[in-house]
Amino acid sequence: MVVPGRRTVWDGVIELTKMAQEQCVDARLWASHLSATLKPFVEFPSTELAEVLVSYICWDNNLPLLWKFLERAMSLNLVSPLVVLALLALRVVPNRSTQSAAYRIYLELLKRNIFRIKDHTTGPRYDNVMNSVANILRLPELFRLETSKPGVLLVEFVFKMVSLLLDACLSDEGLTEPSQDSSSQWLIKSQDMEIDAPERYNEKNGSHEKLQTLNTIMAIEMVAEFLRNTVISRLLYLVSSNRASSWHEFVRRVQVLGENSMALRSSKVLNSRDLLQLISNRRFGYSDDSKIVSLRKSNAVVDFGSLASFAGLCHGASLSSLWLPLDLVFEDAMDGYQVNPTSAIEIITGLAKTLKEINGSTWHDTFLGLWIAALRLVQRERDPIEGPIPRLDTRLCMSLCIVPLVVANLIEEGDNEFVMEKLRDDLITSLQVLGEFPGLLAPPQCVVSAANKAATKAIMFLSGGNVGKSCSDVINMKDMPINCSGNMRHLIVEACIARNILDTSAYSWAGYVNGRINQIPHNLPSEVPCWSSFVKGAPLNAAMVNALVSVPASR
């Protein structure tokens, strides 16, 4: 809300900008003076400041120096890049035919900021920023939103921005159908301006048309990058999962562009086949047939249990759709033909934090999403086809090695001991809830024995037995008087205990094991094979060898 006193503040911004423009002041100096002037009156990033600057530039002061001022204000977070992009979408995209240079700058700013979107989802004013973006682009009206959660608005914002680019490309190449939804026409239709843009920029004959063609090529390449970029494509996947009709129409328009675009043929980095592949059902599962198959697979391996805390991202969303991007990242990590310069641990850690912020979720839900995605990864390959590559082993490694390390990283990033303890509590509750997913927890045949031994270890501990790291290796399951069937949760808990992010109190969780035994098996050795017993003179038998090769010496 603009109060009367602030009118003078914004007048001062205009005067300061005019003076800097006339004196050709460096953008950094202008931004420094602007920040010092506004700091007592406004909170940064300021939506009102963004509106003032964009209105000043479009179109009476459409000069390179002013665009540099705007870019500097964005980089210093005086204005939110997301708000600026929304404002420019209203001003620049409809007028791209007469304001080709401004459209080119808009594309550059969009490219520079949209693919770093996770950097713009933090900060105390994130909610205000997304509400401003929603109001500017009329997202609640266009998408009939029933929520104002920033994560939902961010997904709709991304979808709106790529849709605007796509519609602009189709319109520029004469591929827009007359029956197109009128709700987007006000944004994409190229309009004439009162000023003569070619004369304003003193362009030579033909250069304006050439710039228009280059802009169209760049816009098409950016549509492809929206579909290719890891974070953005994950957000779009949520759209495909929750807004089927909008997504089907979007896919159809991409196909029209890929099959008919003349500008695409001039691109040096993209061709029609690549663009169509990026929108294929393998990546987004948009076709009816593939959706049925996907649902069948999901029902076969996912037991949703009573996961009431997994609220959908959008109204009517499936319970687990919030965390489907994790499934895609895990599958990408399984691709041995691509070497990523960043480790899987860092990638998954970063994505988990990003999704938590975008979705406004708790750490409990974030940890639970990680475990469920890791277990789904295993279940999709639980009956592997024989071949030279041990795919199931790699997927088990993700669940029992990589994800525990990711969780350990997230806990260690806590600001203080209190925060770290709260994170451990959330980890514990997530693993307790994980027990409600029996379909996901069924172990593959190759680790059934290990899962059973992990459960046996917990029963022995609760029964007062001498339980060491190698105890389960010397227990004969037939000697146990009760059922010691284990599952993937037992293996995950043991992995977390090994990483010191859990302790043996997990053995006493309700439902973790079937009970206790009154008598320890008579053939259990008094001393469990381990390095310390070996140093004391224990015989080097098969059990001892297994213990020594599986656990490194402490010193």
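The structure displayed is predicted, hence computed values, not measured ones. (Residues numbered from 1 in each chain as written. Predicted model: local features only at pLDDT ≥ 70, side-chain atom pairs only at ≥ 80, totals over all residues. Heavy atoms only, no water.)

### Considering the overall build of the chain
Here is step 1 of the chain: Each helix and strand counted, the chain has 27 helices and zero strands in total.
Here is step 2 of the chain: Residue burial in the chain is summarised as follows: out of 555 residues, 49% are buried.
Here is step 3 of the chain: Considering only intrachain contacts with a sequence separation of at least 6, the fraction spanning at least 24 residues in the chain is 74%.
Here is step 4 of the chain: Split by element, the accessible area of the chain, about 27300 Å² in all, is 51% carbon and sulfur. (Helix = DSSP H or I, 4+ residues; strand = E, 2+ residues; numbered from the N terminus. Buried < 20%, exposed > 50% of the residue type's maximum accessible area, 1.4 Å probe, protein only. Contact = heavy atoms within 4.5 Å. Areas by Shrake-Rupley, 256 points an atom, 1.4 Å probe, with all protein chains shown as cover.)

### Remarks on the packing of aromatic side chains
Here is step 1 of the chain: Under the defined criterion, the tally for this structure stands at 10 aromatic pairs.
Here is step 2 of the chain: These aromatic residues form a ring-pair network of at least three members: F461, Y507, W509 and Y512. (Phe/Tyr/Trp six-rings, centres within 6.5 Å; stacked < 30°, edge-to-face > 60°.)

### Brief notes about the confidence of the model for the chain
Here is step 1 of the chain: Residues of the chain with pLDDT of at least 70 account for 75%, and the chain-wide mean is 79.
Here is step 2 of the chain: Below pLDDT 50 for its whole length, residues 1-6 participates in seven contacts with residues either more than four positions away or in separate chains.
Here is step 3 of the chain: Low pLDDT, under 50, characterises residues 286-319; the predicted model gives this stretch 58 contacts beyond four residues in sequence or across chains. (pLDDT = per-residue confidence, 0-100.)

### Quick notes on unusual backbone geometry
Here is step 1 of the chain: The step from F44 to P45 runs through a cis peptide bond, and the omega angle for that step is -5°.
Here is step 2 of the chain: Inspection of the secondary structure puts P45 in the loop between α2 (27-38) and α3 (47-57).
Here is step 3 of the chain: With an omega of 10°, the peptide bond running from C58 to W59 counts as cis.
Here is step 4 of the chain: By the secondary structure assignment, W59 is in the loop between α3 and α4 (64-75).
Here is step 5 of the chain: Unlike most non-glycine residues, N77 shows phi in positive territory, near 65°.

### Remarks on the packing of helix α21 (residues 391-412) against helix α25 (residues 488-498)
Here is step 1 of the chain: Two elements in contact, α21 and α25, have axes whose closest approach is 9 Å; the angle formed by their N-to-C orientations is 35°. For α21 against α25, the interelement crossing comes out right-handed. Touching L396, S399, L400 and P404 of α21 are M488, L491, I492 and A495, all from α25.
Here is step 2 of the chain: Classifying every residue of the contact of α21 with α25 by side-chain character gives seven nonpolar, one polar and no charged. (Axes fitted to C-alpha atoms, helices over the stretch in contact; angles between N-to-C directions. Left-handed = near helix turned anticlockwise from the far one by under 90°. Nonpolar A, V, L, I, M, F, W, Y, C, P; charged D, E, K, R; others polar.)

### Some remarks on the pattern of salt bridges
Here is step 1 of the chain: One pass over the full model with this rule turns up 20 salt bridges.
Here is step 2 of the chain: The partner of R253 in a salt bridge is D167, with the nearest N and O atoms 2.8 Å apart. Of this pair, R253 sits in helix α14 (residues 244-260) while D167 is found in helix α9 (residues 150-172), placing the two residues 86 residues apart along the sequence.
Here is step 3 of the chain: Each of D327, E331, R376, R380 and R395 takes part in a single network of salt bridges with overlapping partners. (Salt bridge = Lys/Arg side-chain N within 4 Å of Asp/Glu carboxyl O.)

### Structural notes on the packing of α3 against helix α5 (residues 81-91)
Here is step 1 of the chain: Running from N to C, α3 and α5 cross one another at 35°; their axes reach a closest spacing of 10 Å. Note that α3 runs across α5; the crossing there is right-handed. The residues of α5 that touch α3, namely those facing T47, A50, E51, V54 and S55, are V83, V84, L87, L88 and R91.
Here is step 2 of the chain: A per-class count over the contact of α3 with α5 returns six nonpolar, two polar and two charged.

### Some words on α3
Here is step 1 of the chain: Counting buried positions over the 11 residues of α3 gives nine, a clear majority of the element.
Here is step 2 of the chain: Of the residues making up α3, those classed as buried are T47, E48, L49, A50, V52, L53, V54, Y56 and I57.
Here is step 3 of the chain: Sitting at the amino-terminal end of α3 is S46, which places a side-chain oxygen 3.4 Å from the backbone nitrogen of E48. (Polar contact = N/O pair within 3.5 Å; in protein donor to acceptor, adjacent residues only side chain to side chain.)

### Brief notes about the nonpolar core
Here is step 1 of the chain: Formed by 99 residues in total, the largest nonpolar core has its most connected members in L88, Y106, F157, M161 and F226.
Here is step 2 of the chain: A total of 14 residues in this core trace back to one element, the largest contributor, which is α9.
Here is step 3 of the chain: For F157, the contacting residues outside a window of four places in its chain are L82, L85, A86, I114, I117, M130, V133, L137 and L139.
Here is step 4 of the chain: Judged by nonpolar contacts, the second largest core, of 58 residues, contains L370, V433, V493 and Y507. (Core = buried A, V, L, I, M, F, W, Y, C linked by side-chain atoms within 4.5 Å.)

### A word on a nonpolar patch on the surface
Here is step 1 of the chain: On the surface, a cluster of nonpolar side chains totalling about 570 Å² of accessible area is made up of W531, F534, V535, L540, V545 and V549.
Here is step 2 of the chain: When residues of the nonpolar patch are traced back to their parent elements, those giving at least two are α26 (531-535) and α27 (542-550).
Here is step 3 of the chain: Per-element tally for the nonpolar patch: the top contributor is α26, with three residues.
Here is step 4 of the chain: Relative to the helices and strands, V549 resides in helix α27. (Patch = residues over 30% accessible without salt bridge, like charges linked within 9 Å, V, L, I, M, F, W, Y side chains within 5 Å.)

### With respect to the side chain of N229
Here is step 1 of the chain: The residue N229 is located in the loop between α12 (207-228) and α13 (230-242) in this model.
Here is step 2 of the chain: A polar side-chain atom of N229 sits 3.2 Å from the main-chain amide nitrogen of V231.
Here is step 3 of the chain: Polar side-chain contacts of N229 include one of 3.0 Å to the backbone nitrogen of I232.

### Quick notes on the environment of T429
Here is step 1 of the chain: Within the secondary structure, T429 sits in helix α22 (residues 417-434).
Here is step 2 of the chain: On the accessibility criterion, T429 (30% relative accessible area) is partly exposed.
Here is step 3 of the chain: Sequence separation between T429 and F367 is 62 residues; the distance between their C-alpha atoms is 9.2 Å.
Here is step 4 of the chain: A distance of 2.8 Å separates a polar atom in the side chain of T429 from a polar atom in the side chain of H364.
Here is step 5 of the chain: Side-chain polar atoms of T429 contact the backbone oxygen of D426, separated by 2.9 Å.

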